[in-house]
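Read off the chains here:
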2 protein chains.
Amino acid sequence: MNQSPKNIGIVGSGLVGALLAIYLRKAGHRVTVFDRRPDIRTVEFTGRSINLAMSNRGWKALRGAGIEEEVRRIAIPLYQRAMHLVGKPLYYQPYGKDGEAIWSISRGVLNRKMIDLAEAAGTTFRFGEKVWDVDLPTAQLFTGETEKGTWDAWKFDHIFGCDGAFSRVRHKMQRRSRFDYSQEFIDVGYKELTIRPNPDGTHKLDKNSFHIWPRGSFMFIAMPNLDGSFTCTLFLPFEGEVSFEALNTREDTRAFFSRHFPTVMPDIDNLCEDFAKNPTSALVTIKCYPWTYWDKIALVGDAAHAVVPFFGQGMNAGFEDISVLYSLMETYGDDWEAIFRAYEAQRKPDADAIAELSYRNFVEMSTKTADPSFLLQKRIEKHFAEQHPGLWIPAYSRVTFSDRPYREALEIGDQQEAIMKEIMQMPDLEARWDSLEVSNRMLELLREYGE
Amino acid sequence: MNQSPKNIGIVGSGLVGALLAIYLRKAGHRVTVFDRRPDIRTVEFTGRSINLAMSNRGWKALRGAGIEEEVRRIAIPLYQRAMHLVGKPLYYQPYGKDGEAIWSISRGVLNRKMIDLAEAAGTTFRFGEKVWDVDLPTAQLFTGETEKGTWDAWKFDHIFGCDGAFSRVRHKMQRRSRFDYSQEFIDVGYKELTIRPNPDGTHKLDKNSFHIWPRGSFMFIAMPNLDGSFTCTLFLPFEGEVSFEALNTREDTRAFFSRHFPTVMPDIDNLCEDFAKNPTSALVTIKCYPWTYWDKIALVGDAAHAVVPFFGQGMNAGFEDISVLYSLMETYGDDWEAIFRAYEAQRKPDADAIAELSYRNFVEMSTKTADPSFLLQKRIEKHFAEQHPGLWIPAYSRVTFSDRPYREALEIGDQQEAIMKEIMQMPDLEARWDSLEVSNRMLELLREYGE
C-alpha cells in the first residue's frame, strides 16, 4: 500500500468498524476505535439482533483482510432453504447446483472474534467512550461521560463513522445544508427467539438449512448456531389482526405459535418465555448523501445505508464498502479527497440498489407468496432457467453468490420483470407454462431487451 | 368553541406560530410562544427569505382568525404574470378572468404584524428563549442560554412545533423509533436581491404583476413591496457552467445579469452589490410522519412539511394546517388525542401532494420551458380550457384559487397528464393542435378517465 501512515479514528466497534480497522492497520495507519458500549467480549450478549448470513461479498472482504479461514470456523454453511408451509410436508430448495451456500453466524460471536483480530493487528479500542460530537472540518471527536458534562477532544487525520443506522457521525453531517437524508420504517417489526438444542447438544432441525415458515403477512425464520441452538426471528406487523399488538398474554402467544407454527411446537415453552422477555424491534431503510466530508470524514456500512434484512445483505454490503474503499486507497494513495469522492460516487448507487432489492423482497414475502399468478411466474422463470443455464440468473443469485455491483442485479431484475410481465399476458398460460412457445417468447424478449 | 382552557406552548414565532396563537387564544387557551431569535419587531430584517404570495388558502385562514382585512392593507394584488423572455417583448398572463390574484407580502412586514395581532389577542411571547430539548410524554420545553448550560423547564398541556424546516421539536420526535423522515435538497439554490424604487418612490416595473425571467435551468423573479421596491429572487444551480459557483467576482455577476437579464440592467449596480453581500441559500423538501405525539405534541407548517417554493404555497399550506386543526377542535372538543389523530391523518396526504406539485413545478421550470413539445401541449390545454370552461382547470388554479384538498389537484393533474400523453401521440399534431378532432378526443378521454 502506497500510503503515508495516518492517525485514524473509527466510531463504532461493530462488525464494520472492526473489519475496517484491520484493513487500515494493513495499510499501515494508526487506528483508534471508539465505542460507547462496553467491550462486547466482557458482557453477556443481549441477543437482540437478527442472525447473520455471510455470503459472497462478505467472504471476499474477509479474504482481503486475511481472516476468512478464522471466520469460517465459527460459521455453519446453509446449502438450502427448508420451507415449512402449512399443510404441506417440509421441502428443501437448494441455493444452487454447485454447493452454493450462505453461512450462518452469530453476530455476537463474530463481533468478539473480529475485535480480537483487530486488536491483534494493532488497533487501539476505547470501549465505553461516548462520542457526543464531531467537528467535521478538523476531524475531531468529543467524548465524555454525559452529553452535558465536560468532554475530551480527540484529533485525527480521518474519521470513519461505522456507528450504525443511528450514527452520531452522520447525525452531525445531517444538520448541514444540502445533506439528503431519509429514514423509512416498515410496518413490520421483529423479535428474536431461540430454539434450544436437543439434550444431547444436537440441532432440533436440519442444521445446514435456512428454515423459513412463510405465512403471508408474517414469517418465522431459524438459523443454526454452533451450540446446537437456532436463532429465530419472528417478523410480524406491529398493528392489526395478527400483530405484536394483538399478542398480549402468554396464552395469546401460545395460541399464535400453535396455530401458525405447529412444527416449532416442541419449543413452544421457551418461545413464549422469550417472546415476553425480548424486545420488539423496528426495521428501517436509511439513505443519505453525501457520505463523506472533504477528506476528513466518511460513513461506512449501516451509518451510510441501512437496509431491511430481507435479502440478508446488511453486513455483506457494509463489508463490501470496505473492499471498495481499500481498492480506492490502492488507486489513489495519499489523495484521500479522491478516495472519498470515488468511494461515495461508486458505492451510493449500489447501496440504493440493495435497499430497493431488500424492500422488494419484504413486499414479495408479505404480499405475493400466496398469489397464484406470482407463483406461476416463478415456476415459469425456474423452468426457463433450468433449460437455459446462464440466461436467467435470478436477482437472488446475483446478489448472494456474485460480486457484481448490486445495481446490476437490480437492473437485470427489472428487465426480467418487464419480460415476465409480457409473458404473463400470454393467453392460456396456466396450461402451457412449460411449453416451447413460452420459452421461445422469453428468448425473443431477452434479445429485444438486450439490445 | 367547546373546549376547556389549556396551557399551550408554541415553539416558533414565525407566521405559522403567530397565526396558531391567535386561533388558540380565540378558543380560550393560555398561549406562550417561544422563539430563540429576538423579537423581529425590534431588529432590522435580514432580508433572507423569498417574498410571499398569499393566495386563497392563506386568506381563508386569516379570515377565520378575523385578521384578513388587517393583512390586506400590507399586501399588493398581482393579477398577472409578467413574462420577461429573451428576445421577445414583455407580455402578461392574467391569473384568471375574474380578477383572480395572488398577493405579494414582505415576510418580515407580515411577521411583525402577525406578532402584534397575536400579542393584542393575549399571547405571551418569550423572545430570545432558546428551546434545547422537549420531553414528549410530559409536554415540557427546556430552555437556556446554551445547550450545555443550565436549563429552565416549562410544562404545558400541549406543545405545537411551529419552528420551521429545521424544527427542534421534530428533531426530538425523529430520534424515536418508527418515525419516518426525509430531507431532500435540490441542486438549485437561491439568493434574494432588491430592485430599488424610482427616486419618486414609484415601482420600476408594473407593481401588480408577478415578474418572471425564466431561463431554463435558472430564473429570476420579482415581487413588489409597498415602498416601491421589488424583492427579487435568483434561482440558480449551485454547481455547473451557469451557477453560483461560477459567479465569483463582481465582473462575473455583472456579465451574468447583462447577458441574461437585460431588462433589469438599470438596477445592475445594486444587484451586483447585493449579490456579493447576501447569502446563497438551499432549498429542501422535508417530509415526516407521524406529526403528533399522543395528545401532547403536534407539528404545524414547515416543521411538518417543508416544500420548495415553486408553487408559492409554503405559507399557504402552513396556514391551512391551522384552519384544519381549528375545525377539528370544533368537532372533537376536549378530545385532543382525536384532534391530533385526525389532523395528521387528514393533512399528511395533502402535504405530500403539495410537496410533489411544488417539486414538479421546479422540474417543469428548469427543464421543460424550452421543450417545443411541452409548449405545444400547454397551448392545446389552454385552447381546450377556453373552449370548455370548467372542464379543464389547471393544477395551478386548483392549488392557488380554491380550497379543495391539494391531493385532489395532484390527482386531477395526473389524470390531465395521462390524457395529454395520449393526445400528444396523435399524428400531425403541430398542424391541427386547435382542431375539433383534438378537442373531441380530449372530451372522450375525459369521459373515459372520469369513469
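Being a predicted model, the structure only gives us computed values, none of them experimental. Every residue gets a number counted from 1 within its own chain, in the order that chain's sequence is written. All chains are assigned letters beginning at A, and all ligands numbers beginning at 1, according to the order in which they are written. Thresholds applied to this predicted model are a pLDDT of at least 70 for local features of residues and 80 or more for the giving and counting of side-chain atom pairs; totals over whole chains, interfaces and linings are not thresholded and use all residues. Side-chain numbers come from the whole structure's heavy atoms, not from hydrogens or water.

Chemist: Any chance you could explain the overall build of chain A here in plain terms?
Modeler: From N to C terminus, chain A includes 14 helices and 20 strands. A compact globule built from 451 residues would reach a C-alpha radius of gyration of about 22 Å, and chain A, at 23 Å, matches this within 12%. If one aligns the C-alpha atoms of chain A with their principal axes, the spans along those axes are about 70 × 60 × 40 Å. Exposure is judged per residue with a 1.4 Å probe applied to protein chains only, and the accessible area is read against the type maximum: over 50% gives exposed, under 20% gives buried, and values in between give partly exposed. Here chain A, with 451 residues, has 55% of them falling under the buried criterion. As presented, chain A carries roughly 19600 Å² of accessible surface, and 50% of it is formed by carbon and sulfur atoms. Separation between the mean location of the 55 positive side-chain charges and that of the 63 negative ones in chain A comes to 3 Å. Numbering of helices and strands runs from the N terminus; a helix is a DSSP stretch of H or I covering at least four residues, while a strand is a stretch of E covering at least two. Using C-alpha atoms as the atom set, the radius of gyration is obtained and then compared with a globule rule of 2.2 Å times the number of residues to the power 0.38. Calculation of accessible area relied on Shrake-Rupley with a 1.4 Å probe; when residues are assessed, cover is drawn exclusively from the protein chains displayed. The charge count treats Lys and Arg as positive and Asp and Glu as negative. His and the chain ends do not count. By convention, the charge on Lys lies at NZ, on Arg at CZ, on Asp at CG and on Glu at CD.

Chemist: Looking at this model, I keep getting lost on the sheet that holds strand 1 (residues 7-11) of chain B. Mind explaining?
Modeler: In any sheet, the strands associate via hydrogen bonds between backbone groups, in a parallel or an antiparallel arrangement. All names here are of chain B. As summarised here, the arrangement of the 6 strands in space is 8-2-1-12-20-19, forming an open sheet in which the pairing is mixed. The sheet terminates laterally at strand 8 (124-127) and strand 19 (292-293), the two strands that pair on one side only. Judged from the 5 bridges that link them, strand 1 and strand 2 (residues 30-35) form a sheet pairing that is parallel. Across the sheet, the residue bridging to Val11 is Phe34, located in strand 2. In this analysis, strands are considered paired if DSSP registers two or more bridges between them.

Chemist: Mind showing me how you'd approach the side chain of Asp267(B) here?
Modeler: Inspection of the secondary structure assignment puts Asp267(B) in the loop between helix 6 (250-260) and helix 7 (268-277). A polar contact is formed between the side chain of Asp267(B) and the backbone nitrogen of Arg196(B), at a distance of 3.3 Å. Within 3.5 Å is the distance limit for a polar contact, defined as a pair of N or O atoms, with the added protein rule that one can donate a hydrogen and the other accept it, and that residues adjacent in sequence qualify only through two side-chain atoms.

Chemist: Even after reading the chapter, I still don't get the interface of chain B and chain A, so can you show me in this structure?
Modeler: Interfaces are often sized by the accessible area lost when the parts come together. Contacts are assigned to residue pairs with any non-hydrogen atoms lying within 4.5 Å of each other. Contact residues are listed per partner, giving 23 residues for chain B and 24 residues for chain A. With both chains or domains summed, chain B and chain A bury close to 2000 Å², and 39% of this area falls on carbon and sulfur atoms. Basic side-chain nitrogens of Lys or Arg form a salt bridge, by our definition, when they fall within 4 Å of a carboxyl oxygen of Asp or Glu. Seen at the junction of chain B and chain A, the total is 2 salt bridges. A salt bridge links Arg178(A) to Glu239(B); the nearest nitrogen and oxygen atoms lie 3.1 Å apart. At the junction of chain B with chain A, the criterion picks out 14 residue pairs in polar contact (both at pLDDT 80 or more). At the level of secondary structure, the elements contributing two or more residues to the side of chain B that touches chain A comprise helix 5 (168-174) and strand 13 (180-185) of chain B. Tallying contributions element by element places strand 13 of chain B first for the side of chain B that touches chain A, with 6 residues. By residue class, the composition of the side of chain B that touches chain A is 7 nonpolar, 6 polar and 10 charged. When two components associate, each loses some accessible surface as probed by a 1.4 Å sphere; the sum of these losses over both components is called the buried area. Here the term charged refers only to Asp, Glu, Lys and Arg, the term nonpolar to Ala, Val, Leu, Ile, Met, Phe, Trp, Tyr, Cys and Pro, and the term polar to all other amino acids, Gly among them.

Chemist: Explain the relation of the copies chain B and chain A here, please?
Modeler: Copy-to-copy superposition: least squares on the C-alpha atoms, limited to residues that have pLDDT of at least 70 in both copies. Note on the copies: chain B fits chain A at an RMSD of 0.0 Å, the axial shift is 0.0 Å, and the rotation between them is 180°. As the rotation angle and translation indicate, the two copies are arranged about a two-fold axis. Residue Ser182(B), judged by its C-alpha, is the member of chain B lying nearest the rotation axis, at 1.9 Å. When the interface residues of chain B are mapped onto chain A, 100% of them again fall at the interface, so both copies present the same face.

Chemist: Any chance you could explain the packing of aromatic side chains here in plain terms?
Modeler: Aromatic ring pairs: the centre-centre distance and the angle between the two ring planes describe each pair. Aromatic contacts are taken between Phe, Tyr and Trp rings whose centres are within 6.5 Å, Trp giving its six-membered ring; a plane angle under 30 degrees counts as stacked, one over 60 as edge-to-face, and the others as tilted. According to the stated counting rule, one finds 61 aromatic pairs over all chains in the structure shown. For the pair Phe256(B) and Phe261(B), a centre-to-centre distance of 5.6 Å together with 70° between the ring planes defines the contact as edge-to-face. Each of the two residues, Phe256(B) as well as Phe261(B), counts as buried. Taken together, the aromatic side chains of Trp213(A), Phe218(A), Phe220(A), Phe238(A), Phe244(A), Phe256(A), Phe257(A), Phe261(A) and Phe275(A) make up a single cluster linked through ring pairs. Our definition puts a charge over a ring when NZ of Lys or CZ of Arg is within 6 Å of the ring centre and also within 35 degrees of the ring normal. The aromatic ring of Trp132(B) is capped on one face by Arg36(B), whose charged end is 4.7 Å from the ring centroid. In this arrangement the basic side chain of Arg57(B) is found over the ring face of Tyr406(B), its NZ or CZ atom lying 4.1 Å from the centre.

Chemist: Hey, could you run me through unusual backbone geometry in this one?
Modeler: A negative phi angle characterises most non-glycine residues, just as the trans form characterises most peptide bonds. Residues and elements named next belong to chain A. Here the bond from Tyr289 into Pro290 is cis, since omega is 0°, no more than 30 degrees from zero. In this structure, Ala139 is a non-glycine residue whose phi angle is positive, near 50°. Mapping Ala139 onto the fold places it in the loop between strand 9 (131-135) and strand 10 (140-143). One non-glycine residue, Trp294, adopts positive backbone phi at about 45°. By the element assignment, Trp294 lies in the loop between strand 18 (292-293) and strand 19 (297-299).

Chemist: How do you make sense of the UniProt feature "transmembrane region" (unreviewed entry) in chain A when you look at a structure like this?
Modeler: UniProt positions are given in the numbering used here, feature names are shortened, and annotations may be inferred rather than shown by experiment. UniProt tags residues 7-24 of chain A as "transmembrane region" (unreviewed entry). Along residues 7-24 of chain A, the helical share is 56% and the strand share 28%, with 10 Å between the first and last C-alpha atoms.

Chemist: Any chance you could explain the state of the cysteines here in plain terms?
Modeler: By definition, a disulfide links two cysteine residues through a covalent bond between their sulfur atoms. All names here are of chain B. Criterion for a disulfide: a pair of cysteine sulfur atoms within 2.5 Å. Enumeration according to the criterion identifies 0 disulfides over all chains in this entry. Between Cys162, a cysteine without a disulfide, and Cys288, which holds the nearest cysteine sulfur, the sulfur-to-sulfur distance is 13 Å. For Cys162, a relative accessible area of 8% puts it in the buried group. Not part of a disulfide, Cys272 finds its nearest cysteine sulfur in Cys232, a span of 13 Å.

Chemist: Is there a simple way to think about the nonpolar core in this case?
Modeler: Across soluble globular proteins, nonpolar side chains have a tendency to be buried as a group. Of all hydrophobic cores here, the largest spans 152 residues; its most connected members are Phe160(A) and Phe160(B). In this view, Phe160(B) contacts Ile8(B), Gly9(B), Ile10(B), Val11(B), Leu20(B), Leu24(B), Ala298(B), Val300(B), Leu325(B), Trp336(B) and Phe340(B); residues no more than four positions away in its chain are not counted. Remark: nonpolar core denotes a set of buried residues (Ala, Val, Leu, Ile, Met, Phe, Trp, Tyr, Cys) joined through side-chain atoms within 4.5 Å.

Chemist: Could you clarify how one ought to interpret the pattern of salt bridges in this entry?
Modeler: Should their charged atoms come close, side chains of opposite charge can pair. Residues and elements named next belong to chain A. Inspection of every chain in the model, using the stated rule, returns 66 salt bridges over all chains. Arg57 serves as the salt-bridge partner of Glu320, at 2.9 Å between the closest nitrogen and oxygen. Residue Glu320 is located in helix 8 (residues 314-332), and its partner Arg57 is located in helix 2 (residues 56-64); the two are separated by 263 residues in the primary sequence. Of the two residues examined, Glu320 and Arg57, each falls in the buried class. Here Arg63 makes a salt bridge to Glu68, at a shortest N to O gap of 2.9 Å.

Chemist: Any chance you could explain the packing of helix 10 (residues 372-387) of chain B against helix 12 (residues 406-423) of chain B here in plain terms?
Modeler: Helix-helix packing is characterised by the crossing angle of the two axes and by the distance between the axes. All names here are of chain B. Remark: helix 10 packs on helix 12, axes separated minimally by 11 Å, with the N-to-C direction vectors making an angle of 110°. One way to sum up the angle between helix 10 and helix 12 is to call them roughly perpendicular. The two elements helix 10 and helix 12 meet at a crossing, and its hand is right-handed. Along the contact surface, helix 10 presents Gln377, Ile380 and Glu381, while helix 12 presents Glu417, Met420 and Ile423. A class-by-class count of the residues in the contact of helix 10 with helix 12 yields 3 nonpolar, 1 polar and 2 charged. Here an axis means a line fitted to C-alpha atoms, over the contact stretch when the element is a helix, while the angle between two N-to-C directions is reported on a 0 to 180 degree scale. Here is the rule for angles: anything less than 35 degrees is roughly parallel, anything more than 145 is roughly antiparallel, 65 through 115 is roughly perpendicular, and the remaining ranges are oblique. Crossing handedness is read from the near helix: turned anticlockwise from the far helix by less than a right angle, it gives a left-handed crossing, and turned clockwise, a right-handed one.

Chemist: Please clarify how the pairing of strand 5 (residues 80-83) of chain A should be interpreted in this entry.
Modeler: A regular strand places its side chains so that they alternate between the two faces of the sheet. Where strand 5 of chain A and strand 6 (residues 91-94) of chain A come together, 4 bridges link them in antiparallel fashion. Along strand 6 of chain A, the bridge assignment pairs Gln80(A) with Pro94(A).

Chemist: Is there a simple way to explain the environment of Ala317(A) in this structure?
Modeler: Residue and element names in this part refer to chain A. Within the secondary structure layout, Ala317 lies in helix 8. Here Ala317 falls in the buried class, since its relative accessible area comes to 2%. Here the alpha-carbon distance between Ala317 and Ile354, two residues 37 residues apart in the chain, equals 8.0 Å. Here Ala317 is in contact with His305, Arg347, Ile354 and Tyr406, once residues within four sequence places are set aside.

Chemist: I tried to follow the side chain of Asn270(A) on my own but got confused; where do I start?
Modeler: Here Asn270(A) lies in helix 7 (residues 268-277). If we skip the residues at most four places from it in the chain, Asn270(A) touches Thr194(A) and Arg196(A).

Chemist: Explanation requested: helix 2 (residues 56-64) of chain B in the structure shown.
Modeler: Because the α-helix completes a turn every 3.6 residues, residues three or four places apart line up on one side. Restricting attention to buried positions, one finds in helix 2 of chain B the residues Arg57(B), Gly58(B), Trp59(B), Ala61(B) and Leu62(B). Immediately beyond the C-terminal end of helix 2 of chain B, within one or two residues, lies Gly66(B), with a positive phi of roughly 75°.

Chemist: I would appreciate a short explanation of the packing of helix 1 (residues 15-26) of chain B against helix 2 of chain B in the present structure.
Modeler: Residues and elements named next belong to chain B. As a packed pair, helix 1 and helix 2 sit with axes 10 Å apart at the nearest point and diverge in direction by 35°. Crossing geometry of helix 1 relative to helix 2 is assigned as left-handed. Facing helix 1, whose interface residues are Leu19, Tyr23 and Lys26, helix 2 presents Lys60, Ala61, Leu62 and Gly64. Here the contact of helix 1 with helix 2 is composed, by residue class, of 4 nonpolar, 1 polar and 2 charged.

Chemist: When you look at the sheet that holds strand 6 (residues 91-94) of chain B in this model, what are you seeing that I'm missing?
Modeler: Residue and element names in this part refer to chain B. An order of 6-5-15-16-17-14 is seen for the 6 strands of this open sheet, with the pairing classed as mixed. Every other strand in the sheet has two partners, leaving strand 6 and strand 14 (188-195) as the edge strands with one partner each. Mean inter-strand twist for the sheet, computed between neighbouring axes without regard to direction, equals 20°. When strand 16 (residues 219-224) meets strand 17 (residues 230-237), the two strands line up antiparallel, connected through 6 bridges. Across the sheet, residue Ala222 finds its bridge partner in strand 17, namely Cys232.

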